[in-house]
Amino acid sequence: MATTLMMARASRMACFRVSATSVYRALSPLSSCQISTQAESVADCLNTSGLLRNQGLIGGKWMDAHDRKTLKVDNPATGQTITNVSYMGTREASEAISSAYDALPSWSKLTATERSKCLRKWYDLIIEYKEELGKLITLEQGKPLKEAIGEVVYGAGFIEFFAEEAKRVYGDIIPATLSDRRLFVLKQPVGVVGAITPWNFPLAMITRKATPALASGCTIVIKPSEYTPLTALAAAELSLRAGIPPGVVNVVMGNAAEIGEALMTSTKVRKITFTGSTAVGKKLMADAAGTVKKVSLELGGNAPCIVFDDADLDVAVKGTLAAKFRNSGQTCVCANRVLVQEGIYEKFANALAKAVQSLQVGDGFSEGVTQGPLINDAALHKVESFVQDAISKGAKVLLGGKRHKLGMTFYEPTIITDVKSEMLISREEVFGPVAPIQPFKTEEDAIRLANDTNAGLAAYIFTSNIQRSWRVSEALEYGIVGVNEGLVSTEVAPFGGFKQSGLGREGSKYGMDEYLEVKYVCMGNMS
């Protein structure tokens, strides 16, 4: 392992000496790739460092699908294929579950300190390779490189945090009702965890789930999105280098329906954690009933961003820009509805338009780019349909409103005004770079409009009135509220929603509870 790590680190240093015009070396896993010259250089470095994997990880071994089927992974900025990965299904998922189940006794019996040390090493390696991982995220997901590296640091923060929380899983002593009794409470790992993760944060959504599970003493089977499996595989490779034992972390990708069914029907899997659409979350919740699994779900949002007359205009514009346009609007906590009080409506709309005009759209590897492509054609068509629906019902395009001249799945950062509640864009997540601005009159109107949805993940308020900030925060039916701030996610705070935005919390000390069972022990005849 030490020799392997030294070789990988030497390769890593070489990566930063490779120019953007270097000729792609035909290493066996990627010899037939069709990628741009710049992407070739990135893929070459990743391949040399051992981080560009295209097989699943089961029981500590890199494995092809048994039938040798593969799935292509494309760069959304160019449409070109990066590589092909193993297309796995029921058989491979069942093997991964068995591997995790077999590894559970030994991993759960390690001391919390021993598990903490393994996680800390994993954190150190991810930080050491943050540039490479950032490039990999940009390559397969499309977000700008600076933002991608930011995701790596954010995702690594969960590993660091839960490495420490592993040592803080405390029980309780309960005062007994009888003199010869002693009552206490233990917290123990729930067991094998199935984690189904999305494409929009291909590293952070894995670490946010995997590390509290591992810290608690659970083992895990990860099913990443078919659009972004490469980041998951690279993170798994680093987990092995960190000394996390074989079988503790497993990754299978491919046939989502078959892998999902294997996870949901297996009695060996005791917990499911999922980030994704509300529709899929509801199905998983229903399927979990068959074996009565613990479930935590982080589902869709319809975040209101409320700007009151008394808001600091510069703060409100900066915060709205961050809340709406991060990751090209492809986050579950993006501001989906910008509700602006009538007294500041026109002034705010013009100021936001001026700020949005400065956003540069392009390939995430290009200097100065802040807006990458949408993930695929389906996402692009959804954004187009939402904008057209709004226009047909009276909304006006203040800025953008069409595909970008770059082609592919790039869409112009867009602002539409005169939005109404009956428009599709007010009822559902657009999941793209479109800011719909809707006026309101009173504080009561703002709260009513904000809560008029089945979702309840995140909300944002901009006001200079401290009393109002308290009143509105308490009245909003959302699990997360940002006051005068558009970027609220952090590993030290609980992340999760109300209503149909999910169950449970991720991050913070509360995130550990999702992977623990509470056991009451009564000791009698103790006199």
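Up top is the structure.
Residues numbered from 1 in each chain as written. Predicted model: local features only at pLDDT ≥ 70, side-chain atom pairs only at ≥ 80, totals over all residues. Heavy atoms only, no water.

(A) Up close: the overall build of the chain. Of the regular secondary structure elements, the chain holds 17 helices and 20 strands. Principal-axis analysis of the C-alpha atoms gives the chain an extent of 75 × 70 × 40 Å. Classification of the 527 residues of the chain by burial places 56% in the buried group. Within the chain, counting contacts between residues at least 6 apart in sequence, those at least 24 apart form 72% of the total. Carbon and sulfur atoms make up 54% of the accessible area of the chain, which amounts to about 21,200 Å² in all. (Helix = DSSP H or I, 4+ residues; strand = E, 2+ residues; numbered from the N terminus. Buried < 20%, exposed > 50% of the residue type's maximum accessible area, 1.4 Å probe, protein only. Contact = heavy atoms within 4.5 Å. Areas by Shrake-Rupley, 256 points an atom, 1.4 Å probe, with all protein chains shown as cover.)

(B) View of helix 16 (residues 466–475). Every buried residue of helix 16 is accounted for by Arg-468, Ser-469 and Val-472. Taken end-on, helix 16 shows its buried residues confined to a sector of 100 degrees, consistent with a single buried face. Structural note: helix 16 exposes Ile-466, Trp-470 and Glu-474 on the side pointing more than 90 degrees away from its buried face. Among the structural elements, strand 12 (303–307), strand 13 (335–341), helix 15 (443–451), strand 17 (458–462) and strand 18 (480–483) are those in contact with the buried residues of helix 16. Sitting at the head of helix 16, Asn-465 places a side-chain oxygen 2.9 Å from the backbone nitrogen of Gln-467. (Arc of directions from axis to C-beta. Polar contact = N/O pair within 3.5 Å; in protein donor to acceptor, adjacent residues only side chain to side chain.)

(C) How the structure looks around the environment of Ala-349. Tracing the backbone through its elements, the reader meets Ala-349 in helix 12 (residues 345–357). Given a relative accessible area of 5%, Ala-349 falls into the buried group. Setting aside its immediate chain neighbours within four residues, Ala-349 contacts Leu-398 and Ile-437.

(D) Spatial organisation of the packing of aromatic side chains. By the definition in use, this model includes four aromatic pairs. A ring pair is formed by Trp-199 and Phe-431, whose centres lie 5.9 Å apart and whose planes are at 90 degrees; its orientation type is edge-to-face. Separated by 232 residues along the polypeptide, Trp-199 in the loop between strand 7 (192–196) and helix 7 (204–216) and Phe-431 in the loop between helix 14 (424–427) and strand 16 (434–440) bring together distant segments of the chain. With respect to class, Trp-199 is no different from Phe-431; both count as buried. With a centroid separation of 5.5 Å and 80 degrees between ring planes, the pair formed by Phe-308 and Phe-440 is classed as edge-to-face. (Phe/Tyr/Trp six-rings, centres within 6.5 Å; stacked < 30°, edge-to-face > 60°.)

(E) Summary view of the packing of helix 4 (residues 112–128) against helix 5 (residues 130–141). Where helix 4 meets helix 5, the axes come as close as 5 Å, and the angle between the chain directions of the two elements is 70 degrees. The orientation of helix 4 relative to helix 5 falls into the category roughly perpendicular. Residue-level inspection shows Ile-126, Ile-127 and Glu-128 of helix 4 in contact with helix 5, the latter providing Lys-130, Glu-131, Glu-132 and Leu-133. Considered class by class, the residues forming the contact of helix 4 with helix 5 number three nonpolar, no polar and four charged. (Axes fitted to C-alpha atoms, helices over the stretch in contact; angles between N-to-C directions. Parallel < 35°, antiparallel > 145°, perpendicular 65-115°, else oblique. Nonpolar A, V, L, I, M, F, W, Y, C, P; charged D, E, K, R; others polar.)

(F) Fine view of the sheet that holds strand 18. Pairing within the open sheet is mixed, and its seven strands lie in the order 14-15-16-13-12-17-18. Lying at the two open borders of the sheet, with one neighbouring strand each, are strand 14 (396–399) and strand 18. Across the sheet, the mean angle from the axis of one strand to that of its neighbour is 25 degrees, orientation sign disregarded. Pairing analysis gives three bridges linking strand 12 to strand 17, with the strands arranged parallel. Bridge pairing in strand 17 links Cys-305 to Tyr-460. Against the sheet, helix 11 (residues 313–325) makes contact with strand 12, strand 13, strand 15 (414–417), strand 16 and strand 17, and its axis sits at roughly 165 degrees relative to strand 17, the strand it touches most. (Pairing = 2+ DSSP bridges.)

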